[in-house]
Amino acid sequence: MAIAGVILAGGLARRMGGGDKPLRPLAGEPIIGHVIARLRPQVSALAINANGDPDRLAGFGLPIVADTIPGHQGPLAGILAGLRWARDASPRATHLLTMPGDTPFLPADLVARLDAARRRAGAQIAQAESDGKLHPVVSLWPLELADPLEASLNAGVRRVRAFQSRYSVAVEAFAFEGADPFHNVNTPEDLAEAERLVARVAVAG
């Protein structure tokens, strides 16, 4: 089985004052650079979901996939774009791993564990959890959900959990190892905390 991956970087970053949040520097490189480094070895093909001028992300050497539904409809629109892209980019792929572009500490065994959890439970979707908190965007999706997802978006569904609730979902819990593996950089304070976590993980390593 091949699993493709898409990094969701199409948000408006209002809590960070706007702009491209994943391009903010963290430990000397863009936040999304950390995400790419951790995710690339785990998937058969990798892309970035982003809207606007794709040239600003060209330096990462990955396909840039824009939302197929206009109007900044949220992460579900990025997930849909990823599902459509994966079907052509990785013909053997049956599933897509989605990950926010502002989550720099994701586990090196993320894809393997989500896939194993899905198989054990006989579930359609697998989702990550840490410290008792669910991370709906950090999920493994079957590619055949593209059409139902597009229909749901056109019907006004915008929340990831609302769409996932229609399907069986396996949850895989990840432990802290110096940092929350799904720490999101949503605010300047989160970015400062990420800098501290980078230093802590480096010392622990």
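Scoring rules and cut-offs
- Residues numbered from 1 in each chain as written.
- Predicted model: local features only at pLDDT ≥ 70, side-chain atom pairs only at ≥ 80, totals over all residues.
- Heavy atoms only, no water.
- Helix = DSSP H or I, 4+ residues; strand = E, 2+ residues; numbered from the N terminus.
- Buried < 20%, exposed > 50% of the residue type's maximum accessible area, 1.4 Å probe, protein only.
- Lys, Arg positive; Asp, Glu negative; His and termini not counted.
- Salt bridge = Lys/Arg side-chain N within 4 Å of Asp/Glu carboxyl O.
- Polar contact = N/O pair within 3.5 Å; in protein donor to acceptor, adjacent residues only side chain to side chain.
- Contact = heavy atoms within 4.5 Å.
- Phe/Tyr/Trp six-rings, centres within 6.5 Å; stacked < 30°, edge-to-face > 60°.
- Lys NZ or Arg CZ within 6 Å of the ring centre and 35° of its normal.
- Pairing = 2+ DSSP bridges.
- Axes fitted to C-alpha atoms, helices over the stretch in contact; angles between N-to-C directions.
- Parallel < 35°, antiparallel > 145°, perpendicular 65-115°, else oblique.
- Left-handed = near helix turned anticlockwise from the far one by under 90°.
- Nonpolar A, V, L, I, M, F, W, Y, C, P; charged D, E, K, R; others polar.

> Please explain the side chain of aspartate 67 as it appears in this structure.
Its place among the elements puts aspartate 67 in the loop between strand S5 (64–65) and helix H2 (75–89). We note that aspartate 67 is buried and unpaired, the nearest opposite charge coming from arginine 158 at a distance of 9.8 Å. Here the side chain of aspartate 67 touches asparagine 49 through a polar contact of 2.9 Å, side chain to side chain. Those residues in contact with aspartate 67 that sit more than four places away from it in its chain are Asn49, Asn51, Ala77, Gly78 and Ala81.

> Teacher, can you tell me more about the packing of aromatic side chains here?
How two aromatic rings sit relative to each other is given by the distance of their centres and the angle of their planes. A full pass over the atoms with the stated rule returns three aromatic pairs. Centre to centre, the rings of phenylalanine 174 and phenylalanine 182 are 5.4 Å apart; their planes meet at 85°, and the pair counts as edge-to-face. Assigned by exposure class, phenylalanine 174 and phenylalanine 182 land together as buried. Here the aromatic cluster, defined as three or more aromatic residues joined through ring pairs, consists of Trp141, Phe163 and Tyr167. In this structure, arginine 113 packs its charged tip against the face of phenylalanine 174, placed 4.0 Å from the ring centre.

> Quick question: what am I supposed to make of the sheet that holds strand S7 (residues 125–130) here?
In a beta sheet, neighbouring strands are held together by backbone hydrogen bonds and run either parallel or antiparallel to one another. An order of S5-S4-S1-S6-S8-S7-S9 is seen for the seven strands of this open sheet, with the pairing classed as mixed. Bordering the open sheet on either side are S5 and strand S9 (169–174), each of which pairs with just one other strand. With four bridges joining them, strand S6 (residues 93–100) and strand S8 (residues 133–142) adopt antiparallel strand pairing. Considered in S8, the bridge of leucine 96 is made with tryptophan 141. Those strands touched by H2 are strand S1 (2–8), strand S4 (46–49), S5, S6 and S8, and its axis lies near 145° from that of S1. Across the sheet, helix H3 (residues 110–121) touches S1, S6, S7, S8 and S9, and the angle it forms with S9 is around 135°.

> What is the right way to read the packing of H2 against helix H4 (residues 146–154) from this model?
A pair of packed helices can be characterised by two numbers: the angle between their axes and the separation between those axes. Here H2 crosses H4 at 150°, and the two axes come no closer than 10 Å. When the axes of H2 and H4 are compared, the pair comes out roughly antiparallel. In this structure, the crossing between H2 and H4 has a hand that is left-handed. Taken together, the residues of H4 that come into contact with H2 (itself represented by Leu76, Ala77, Ile79, Leu80, Leu83, Arg84 and Arg87) are Ala146, Asp147, Leu149, Glu150 and Leu153. Of the residues belonging to the contact of H2 with H4, the class tally is eight nonpolar, no polar and four charged.

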